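Residue-level structure breakdown
Read off the chains here:
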Amino acid sequence: YGGMGLDFSYSIAVAEELGSIRCGAIPMAVGVQAGMATPALTRFGSEELKKQFLVPTIAGDFVACLGISEVGAGSDVANIKTTAVRKGNEYVINGGKMWTTSGCQADWMCLLANTSEGPHHQNKSLICLPMNLPGIHVAKKIDKLGMRSSDTAQIFFEDVRVPSKNLIGEEGKGFTYQMLQFQEERLWAVASVLTPLQTIIEETIDYTRQRKAFGQSVLHNQAVHFRLAELATEVELLRSLLYRTVALYVEGNDVTKFAAMAKLKAGRLAREVTDSCLQFWGGMGFTSEVLVSRFYRDLRLVSIGGGTDETMLSIICKYMETLPSK
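Residues numbered from 1 in each chain as written. Predicted model: local features only at pLDDT ≥ 70, side-chain atom pairs only at ≥ 80, totals over all residues. Heavy atoms only, no water.

The following threshold applies: UniProt positions are given in the numbering used here, feature names are shortened, and annotations may be inferred rather than shown by experiment.
An unreviewed UniProt entry lists the protein under the name Putative acyl-CoA dehydrogenase 6, from Cariama cristata. A UniProt comment under Pathway (unreviewed entry) is attached to the protein, and it reads "Lipid metabolism; mitochondrial fatty acid beta-oxidation."

Okay, structure coming up:
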């Protein structure tokens, strides 16, 4: 379909390298194309759908977005309210999506909607939705704390008609397909933060070595160089967990638990590294002139997007069989 036919480990290598870009939004936008909106289409979509949506997306001619979260359902994916009702050879879509990355400019959306009245985990379907159809209203571009070079949209659907052949895979399997998509999204997120965290630590070392306070460099203080050593160690541990998880995934294993662990640690560590290093930059760290302040804002999203830290903890507990039954 225009790609290189390589396994998922190469996608992770790309994500890690994109971390060299000195902003979080560009790797995220590429990640939406590569690891969020297209895995289900690639794995379960019809040949016709792949030619219509996947080929131009891989070529870079189409921008894709992922329509999952809603005002009342962020990490609680099962609770979405958007409906796609089958009428003849079409679905009629009503509802809305929130916090949709690239939603203002997208050519198509991988949409999760309720296609029946059944149980929450069996009544959803994924649909390839062209974004130029009548009844699609991009309400606004959301003003965000970080990732400010990325557009994030609130979108409403009012009697939007889409051909039923745009269904990805089987009807009612959308929740399962989306959970599989989340694995690749979460691993991409982990990979994309490794280089920024390493860069922040290195730049903080350089700055604190030059910056003088009380007659010596700031780096000379044991509290500073010990803390930076701890943070560098944590980054390498995260890298090892990611590589182990990706290797297992490429071999065809279920990596839900490890992916959740890696995503949880990446979000927590992104906050820890940026906060600690910003402190060592002093007043300069509180300006918009240095990279650490930008990543302090941009990487805060890692603990929220693609499933919150709390959702990751629940997944891990489920696999540990320690999650209380309802």
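Still to come is the rest of the account.
**Re the overall build of the protein**
What counts is decided by this rule: Secondary structure is summarised from DSSP: a helix means a run of H or I of at least four residues, a strand means a run of E of at least two, and numbering begins at the N terminus for each. Atoms counted for the radius of gyration: C-alpha only. Globule rule: 2.2 Å times the number of residues to the power 0.38. Each residue gets one of three labels from its accessible area relative to the maximum for its type: buried under 20%, exposed over 50%, partly exposed in between, using a 1.4 Å probe on protein chains only. Counting rule for charge: Lys and Arg are taken as positive, Asp and Glu as negative, and neither His nor the chain ends is counted. Taken as the charge location is NZ of Lys, CZ of Arg, CG of Asp or CD of Glu.
The helix and strand tally for the protein stands at 9 helices and 10 strands. Computed over its C-alpha atoms, the radius of gyration of the protein comes to 21 Å, within 12% of the 20 Å expected for a compact globule of 326 residues. In terms of overall dimensions, the protein has C-alpha extents of about 80 × 45 × 40 Å along its principal axes. Counting only residues that meet the buried cut, the protein has 50% of its 326 residues in that class. Averaging the locations of the 33 positively and 34 negatively charged side chains of the protein gives two centres separated by 3 Å.

**Re the layout of surface pockets**
Which entries qualify depends on this criterion: In this analysis, the protein atoms alone were mapped onto a 1 Å grid. Cavities are point sets where a 1.4 Å probe fits without being able to get out; pockets are open sets with protein on both sides within 12 Å along at least five of seven lines; lining residues have an atom within 4 Å of a point. Grid points are joined across faces, edges and corners, and a volume is the space filled by probe spheres set on the points. Residues were grouped as follows: Ala, Val, Leu, Ile, Met, Phe, Trp, Tyr, Cys and Pro as nonpolar; Asp, Glu, Lys and Arg as charged; and all remaining residues, including Gly, as polar.
Within this model, the second largest pocket holds a volume of roughly 910 Å³. Elements that contribute at least two residues to the lining of the second largest pocket include exactly helix H1 (8-18), helix H2 (25-36), helix H3 (39-44), helix H4 (47-59) and helix H5 (174-210). Considering every element that reaches the lining of the second largest pocket, the biggest residue donor is H1, with 5 residues. Taken together, the residues of the lining of the second largest pocket break down into 13 nonpolar, 8 polar and 3 charged.

**What to know about the domain arrangement of the protein**
Let me state the cut-off plainly: These domain limits were set by an automatic method or by a database of domain assignments. When checking whether two residues touch, look at their non-hydrogen atoms; a contact exists if any pair is within 4.5 Å. Defined here as a combined quantity, buried area equals the accessible surface (1.4 Å probe) lost by two parts on assembly, summed across both. Salt bridges are defined as contacts in which a side-chain nitrogen from Lys or Arg sits within 4 Å of a carboxyl oxygen from Asp or Glu. Between N or O atoms, a polar contact is any pair within 3.5 Å; within protein, one atom must be a potential hydrogen donor and the other a potential acceptor, and residues adjacent in sequence are included only when both atoms are from side chains.
According to the domain assignment, the protein consists of domain 1 (37-170) and domain 2 (176-320). Using only C-alpha atoms to locate each centre, domain 1 and domain 2 end up separated by 30 Å. With 20 residues of domain 1 at the contact, the number on the domain 2 side is 16 residues. Across the domain 1 to domain 2 interface the summed buried area is about 1400 Å²; carbon plus sulfur atoms make up 62%. The interface formed by domain 1 and domain 2 holds 1 salt bridge in total. A salt bridge links Arg43 to Glu184; the nearest nitrogen and oxygen atoms lie 3.7 Å apart. Run the count over domain 1 and domain 2 and you get 7 residue pairs in polar contact (both at pLDDT 80 or more). The element best represented in the side of domain 1 that touches domain 2 is H3, accounting for 4 residues. Taken together, the residues of the side of domain 1 that touches domain 2 sort by class into 12 nonpolar, 5 polar and 3 charged.

**Observations concerning the packing of H2 against H5**
In helix packing, the relevant descriptors are the interaxial angle and the interaxial distance, both defined with respect to the helix axes. Definition in use: The axes are straight lines fitted to the C-alpha atoms, using for helices just the contacting stretch, and the angles between their N-to-C directions are given from 0 to 180°. Comment on the angle field: the value is read as roughly parallel under 35 degrees, roughly antiparallel over 145, roughly perpendicular from 65 to 115, and oblique elsewhere. Whether a crossing is left-handed or right-handed is set by the direction in which the near helix is turned from the far one by less than a right angle, anticlockwise for left-handed and clockwise for right-handed.
With their axes 9 Å apart at the nearest point, H2 and H5 run at an angle of 150° to one another. If you check the angle between H2 and H5, you find them roughly antiparallel. Viewed along their axes, H2 and H5 form a crossing whose handedness is right-handed. Contacts between H2 and H5 involve Pro27, Val30, Gly31, Ala34, Gly35 and Met36 from the former and Gln181, Glu184, Glu185, Trp188 and Ser192 from the latter. Here the residues of the contact of H2 with H5 are counted per class, giving 5 nonpolar, 4 polar and 2 charged.

**Description of the pattern of salt bridges**
Going through the model one piece at a time under the given rule, you end up with 16 salt bridges. Here Arg227 makes a salt bridge to Glu272, at a shortest N to O gap of 3.0 Å. Taken together, the residues Arg227 in helix H6 (residues 222-250) and Glu272 in helix H7 (residues 256-280) connect sequence positions 45 residues apart. A relative accessible area of 30% means that Glu272 is categorised as partly exposed. Salt-bridge contacts for Asp298 lead to Arg294; the nearest nitrogen and oxygen are separated by 3.6 Å. Here Asp298 and its partner Arg294 are both found in helix H8 (residues 291-298), 4 residues apart, which amounts to about one turn of the helix. For Asp298, a relative accessible area of 2% corresponds to the buried category. With relative accessibility at 30%, the residue Arg294 sits in the partly exposed group. Through salt bridges with shared partners, one network takes in Glu16, Glu236 and Arg239.

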